[in-house]
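Single-letter residue listing:
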Amino acid sequence: FALFQDGCDYVKVQGPIVAKIATQPNAPYLEAGRNAFREPQYNADSDSWSSEFVGGCLVYPEDEVTIDVYWNVSKGFDFISIVLGGTGALFLTFTWCCVFSRGTWRLAG
């Protein structure tokens, strides 16, 4: 469990695509994000696979993963949602110490 997601752990992927993308043989799953993915590490002591939240994420290999127009549009909407959501969150956070006029509230939506 991580307090903040690092962008490569949105969903757990299983199936034949894992063998094509993973660098470790016999990896049962990958944790995939929009721009990168993470591989689990095998722990011989407990005989299990687990994902550690240390180190960087791995970039998708271009020969196995097709990044098309929908992928790029989703990345654009991701950025827009972060900007609008972050602006709204900051606006609401500063309401405890700043007095905003009626016009400012209308502008904020």
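Attention here is on the structure that accompanies the text. Source: prediction; values computed, not measured.

A look at the packing of aromatic side chains
Line of reasoning, step 1. Enumeration over the complete set of coordinates arrives at 4 aromatic pairs.
Line of reasoning, step 2. Centre to centre, the rings of Tyr-60 and Trp-71 are 5.6 Å apart; their planes meet at 85°, and the pair counts as edge-to-face. Of the two residues, Tyr-60 is situated in the loop between strand S6 (58-59) and helix H2 (69-93) and Trp-71 in helix H2; the sequence distance between them amounts to 11 residues. There is no split in this pair, since Tyr-60 and Trp-71 are both buried.
Line of reasoning, step 3. Three or more aromatic residues joined by ring pairs form one cluster here, namely Phe-37, Tyr-60 and Trp-71.

Topic: the state of the cysteines
Line of reasoning, step 1. On inspection of all chains with the given rule, the structure shows 0 disulfides.
Line of reasoning, step 2. The thiol of Cys-97 is not disulfide-bonded; the next cysteine sulfur, from Cys-98, is found 3.7 Å away.
Line of reasoning, step 3. Taking relative accessible area as the criterion, Cys-97 reaches 42% and is therefore assigned partly exposed.

Remarks on the side chain of Glu-39
Line of reasoning, step 1. By the element assignment, Glu-39 lies in the loop between strand S3 (36-38) and strand S4 (41-43).
Line of reasoning, step 2. The side chain of Glu-39 is buried and forms no salt bridge, while Arg-38, the nearest opposite charge, is found at 9.9 Å.
Line of reasoning, step 3. A distance of 2.3 Å separates a polar side-chain atom of Glu-39 from the backbone nitrogen of Thr-23.
Line of reasoning, step 4. Excluding anything up to four places from it in sequence, Glu-39 contacts Ile-21, Ala-22, Thr-23, Gln-24, Leu-30 and Leu-58.

Some details on the environment of Glu-64
Line of reasoning, step 1. Take Glu-64: it is sitting in the loop between S6 and H2.
Line of reasoning, step 2. The class for Glu-64 is partly exposed, based on a relative accessible area of 32%.
Line of reasoning, step 3. Distance in space between the C-alpha atoms of Glu-64 and Ile-21 is 6.9 Å, their sequence separation being 43 residues.
Line of reasoning, step 4. Ignoring any residue separated from it by four or fewer positions in sequence, one finds Glu-64 in contact with Lys-20 and Ile-21.

Focus on the sheet that holds S6
Line of reasoning, step 1. One open sheet accounts for 4 strands, arranged S1-S2-S3-S6; its pairing is antiparallel. Two strands bound the open sheet, and with one partner strand each, they are strand S1 (11-13) and S6.
Line of reasoning, step 2. Summarising the sheet, strand S2 (residues 30-32) and S3 pair through 2 bridges and their orientation is antiparallel. Bridged to Glu-31 within S3 is Arg-38.

Quick look at the nonpolar core
Line of reasoning, step 1. Grouped together as the largest cluster of nonpolar side chains are 10 residues: Val-18, Ile-21, Ala-22, Ala-27, Leu-30, Ala-32, Phe-37, Tyr-60, Val-65 and Trp-71.
Line of reasoning, step 2. Mapped onto this core, the elements with two or more residues apiece are helix H1 (16-21) and S2.
Line of reasoning, step 3. Not counting residues up to four positions away in its chain, the partners in contact with Phe-37 are Cys-8, Ile-21, Leu-30, Glu-31, Ala-32, Cys-57, Leu-58, Val-59, Tyr-60 and Pro-61.

Conventions adopted
- Residues numbered from 1 in each chain as written.
- Predicted model: local features only at pLDDT ≥ 70, side-chain atom pairs only at ≥ 80, totals over all residues.
- Heavy atoms only, no water.
- Phe/Tyr/Trp six-rings, centres within 6.5 Å; stacked < 30°, edge-to-face > 60°.
- Helix = DSSP H or I, 4+ residues; strand = E, 2+ residues; numbered from the N terminus.
- Buried < 20%, exposed > 50% of the residue type's maximum accessible area, 1.4 Å probe, protein only.
- Disulfide = S-S within 2.5 Å.
- Lys, Arg positive; Asp, Glu negative; His and termini not counted.
- Salt bridge = Lys/Arg side-chain N within 4 Å of Asp/Glu carboxyl O.
- Polar contact = N/O pair within 3.5 Å; in protein donor to acceptor, adjacent residues only side chain to side chain.
- Contact = heavy atoms within 4.5 Å.
- Pairing = 2+ DSSP bridges.
- Core = buried A, V, L, I, M, F, W, Y, C linked by side-chain atoms within 4.5 Å.

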